[in-house]
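Next come the chains, spelled out residue by residue.
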Amino acid sequence: MSGDPIYTEMIIEYSRNPSNYGKIDEPHIHRHDSNPLCGDSIDLYLNIDDKKISDVKFDGKGCAICMACTSVLTEMIKGKDLDYVKKFEKDELLSELGLEHLIKTSPVRIKCALLSLKALKYGIYSYFAEKMNDIESAGNLKEEASSLY
Ligand code: FES
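Every chain's residues receive numbers from 1 upward, in the order its sequence appears when written. Only residues with pLDDT of at least 70 get local features here, since the model is predicted, and only at 80 or more are side-chain atom pairs given and counted; chain-wide, interface and lining totals rely on the full set of residues. Water and hydrogen atoms were dropped before computing side-chain values, which therefore reflect all heavy atoms in the structure.

1. Concerning helix H1 (residues 9-16)
Then comes step 1: Along H1, the residues classified as buried are Ile 11, Ile 12 and Tyr 14. Buried residues of H1, seen end-on, are gathered within an arc of 165° and therefore sit on one face of the element. Seen from the buried face of H1, the exposed residues on the opposite side, beyond 90 degrees, are Glu 9 and Arg 16.
Then comes step 2: Contacts: residue pairs with any heavy atoms within 4.5 Å of one another. Here a helix means four or more residues in a row that DSSP labels H or I, a strand means two or more in a row labelled E, and each is numbered from the N terminus. Of the surrounding secondary structure, the elements contacted by the buried residues of H1 are helix H2 (64-77). Burial classes: relative accessible area under 20% of the type maximum marks a residue as buried, over 50% as exposed, and values in between as partly exposed (1.4 Å probe, protein chains only). The arc in question is formed by the directions pointing from the helix axis toward the C-beta atoms.

2. Notes on the state of the cysteines
Then comes step 1: Put simply, a disulfide is two cysteine sulfurs that come within 2.5 Å. In total, this model carries 0 disulfides according to the counting rule given.
Then comes step 2: The cysteine Cys 66 is free of any disulfide, with Cys 63 supplying the nearest cysteine sulfur at 5.4 Å.

3. Considerations on the packing of H1 against H2
Then comes step 1: A fitted line through C-alpha atoms serves as each axis, taken over the contacting stretch for helices, and the angle formed by two N-to-C directions is quoted from 0 to 180°. One way to put it is that H1 packs onto H2 with a least axis distance of 8 Å and a crossing angle of 85°. The orientation of H1 relative to H2 falls into the category roughly perpendicular. When H1 is examined against H2, the residues Ile 11, Tyr 14 and Ser 15 are found in contact with a partner set consisting of Ala 64, Ile 65, Met 67, Ala 68, Ser 71, Val 72 and Glu 75.
Then comes step 2: Nonpolar residues are Ala, Val, Leu, Ile, Met, Phe, Trp, Tyr, Cys and Pro. Charged residues are Asp, Glu, Lys and Arg, and all others, Gly as well, are polar. Per-class residue counts for the contact of H1 with H2 are 7 nonpolar, 2 polar and 1 charged. Roughly parallel means an angle under 35 degrees; roughly antiparallel, over 145; roughly perpendicular, 65 to 115; everything else is oblique.

4. Points about the sheet that holds strand S1 (residues 29-35)
Then comes step 1: At least two bridges found by DSSP between two strands are what make those strands a pair. Strand order in this open sheet of 3 strands is S1-S2-S3, and the pairing throughout is antiparallel. The outermost strands of the open sheet, each flanked by one partner alone, are S1 and strand S3 (52-61). When strand polarity is set aside, the average angle formed by the axes of neighbouring strands in this sheet is 20°.
Then comes step 2: Two strands pair when backbone bridges link them, and strand S2 (residues 40-49) and S3 are joined in this way by 9 bridges, in the antiparallel orientation. Bridge assignment links Tyr 45 to a residue of S3, and that residue is Lys 57.

5. Quick word on unusual backbone geometry
Then comes step 1: Positive phi outside glycine occurs at Asp 50, with the angle close to 50°.
Then comes step 2: Asp 50 sits in the exposed class, given a relative accessible area of 76%.
Then comes step 3: Phi angles above zero are rare outside glycine, and Asn 133 is one such case at about 55°.
Then comes step 4: Inspection of the secondary structure puts Asn 133 in the loop between helix H6 (107-130) and helix H7 (135-146).

6. Points about the packing of aromatic side chains
Any aromatic ring pair is given by two values, namely how distant the centres are and how the planes are angled relative to each other.
Then comes step 1: A pair of aromatic rings is counted whenever rings of Phe, Tyr or Trp (Trp by its six-membered ring) have centres within 6.5 Å, and the orientation is called stacked for planes under 30 degrees apart, edge-to-face for over 60 and tilted otherwise. Tallied over the entire structure, the rule returns 3 aromatic pairs.
Then comes step 2: When the centroid spacing of 5.9 Å and the interplanar angle of 65° are considered together, the rings of Tyr 84 and Phe 88 count as edge-to-face.
Then comes step 3: Assessed through its relative accessible area of 0%, Phe 88 is described here as buried.
Then comes step 4: Ring centres of Tyr 122 and Tyr 125 lie 6.4 Å apart, and the angle between their planes is 75°; this geometry places the pair in the edge-to-face category. Within this pair, Tyr 122 and its partner Tyr 125 are both found in helix H6, separated by 3 residues, close to a single helical turn.

7. Side note on the pattern of salt bridges
Two side chains that carry opposite charge are able to pair once their charged atoms sit near each other.
Then comes step 1: Any Lys or Arg side-chain nitrogen found within 4 Å of a carboxyl oxygen on Asp or Glu counts as a salt bridge. Inspection of every chain in the model, using the stated rule, returns 5 salt bridges.
Then comes step 2: Two residues, Lys 61 and Asp 40, come together in a salt bridge whose shortest N-O distance is 3.8 Å. Placement of Lys 61 in strand S3 and of Asp 40 in strand S2 is noted, with a sequence separation of 21 residues between them.
Then comes step 3: With relative accessibility at 48%, the residue Lys 61 sits in the partly exposed group.
Then comes step 4: Given a relative accessible area of 14%, Asp 40 falls into the buried group.
Then comes step 5: Here Lys 78 ties to Asp 55 by a salt bridge, and the two come within 3.7 Å at their closest N and O atoms. Here Lys 78, found in the loop between H2 and helix H3 (82-87), pairs with Asp 55, found in strand S3; they are 23 residues apart in sequence, far enough to count as distant.
Then comes step 6: Relative accessible area serves as the criterion here: at 37%, Lys 78 is assigned to the partly exposed category.

Function cannot be inferred from these measures alone, as they are strictly geometric.
As structure tokens, then:
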């Protein structure tokens, strides 16, 4: 694995020591997602207070890229308000780990990198629809989630 230039030190370190790994009991949002072809799957847990992500955790298993991207995503959204999370784009996440090139070069690896973002967008989509009754935002989020990869 370390011979592939995609596996930077940062990615390897995050995959060994993921951030915000664990579970929230009775979270406001829980979303499970998986990449059926590789069998990896994650569960994302979020609490929302005052329209902010007051806590976020994840568990499950995934390859190094999946674990690193999920870790970074949780770090980037923790404490942020829902508006920020709603507008959060995949490029922001990918560039944080130097993985922007995956969009063009690796349709398989891009699924590893964006699994958590898909779970996040679907998770908050349900929240916007059911708890905030914001149907327009919910519709946009659902569309964005389904077209991530
Ligand atoms: Fe399954 Fe990367 S190989 S998420």
